[in-house]
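# Observations on chain architecture
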Amino acid sequence: MVMRRDDPFAQVVVPDHKELDRGTLRAIIRQAGLNVRDFVELL
């Protein structure tokens, strides 16, 4: 899945799987401009 925002432009590709590898998830979080702690708080 490609998730994007137009203003300001940002795009992140997220695999459409039931489970993600830990490293893949961390890379997605980094691409989104977050750190792991901020991501967990958003859950």
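Residues numbered from 1 in each chain as written. Predicted model: local features only at pLDDT ≥ 70, side-chain atom pairs only at ≥ 80, totals over all residues. Heavy atoms only, no water.

## So, the overall build of the protein chain
Heads up, the condition is: Counting from the N terminus, the helices are DSSP H or I runs at least four residues long and the strands are E runs at least two residues long. The classification of residues rests on relative accessible area computed with a 1.4 Å probe and restricted to protein chains. Under 20% of the type maximum is buried, over 50% is exposed, and intermediate values are partly exposed. What sets the accessible areas is the Shrake-Rupley method with a 1.4 Å probe; for residues, cover comes only from the shown protein chains.
Within the protein chain, the secondary structure is distributed over 2 helices and 2 strands. Counting only C-alpha atoms, the protein chain reaches 30 × 25 × 15 Å along its principal axes. Residue burial in the protein chain is summarised as follows: out of 43 residues, 9% are buried. Accessible area for the protein chain stands at about 4100 Å²; split by element, carbon and sulfur atoms hold 52% of it.

## What to know about the pairing of strand β2 (residues 10-13)
Here is the rule we go by: In this analysis, strands are considered paired if DSSP registers two or more bridges between them.
Across 4 bridges, the pairing between strand β1 (residues 2-5) and β2 is antiparallel. Residue Val-2 lies in a different strand from β2, and its bridge partner there is Val-13.

## A word on helix α1 (residues 22-31)
The line we're drawing: Any pair of nitrogen or oxygen atoms within 3.5 Å is treated as a polar contact; in protein, a donor-acceptor pairing is required on top of that, and neighbouring residues in sequence qualify only through side-chain atoms on both sides.
Where α1 begins, the capping side chain belongs to Asp-21, and its oxygen is found 3.2 Å from the backbone nitrogen of Gly-23. Just past α1, the residue Gly-33 takes up positive phi, approximately 80 degrees.

## Here's the deal with the environment of Asp-21
As for its position among the elements, Asp-21 is in the loop between β2 and α1. Separated by 3.2 Å, the side chain of Asp-21 and the backbone nitrogen of Gly-23 make a polar contact.

Keep in mind these numbers describe shape, not what the thing actually does.
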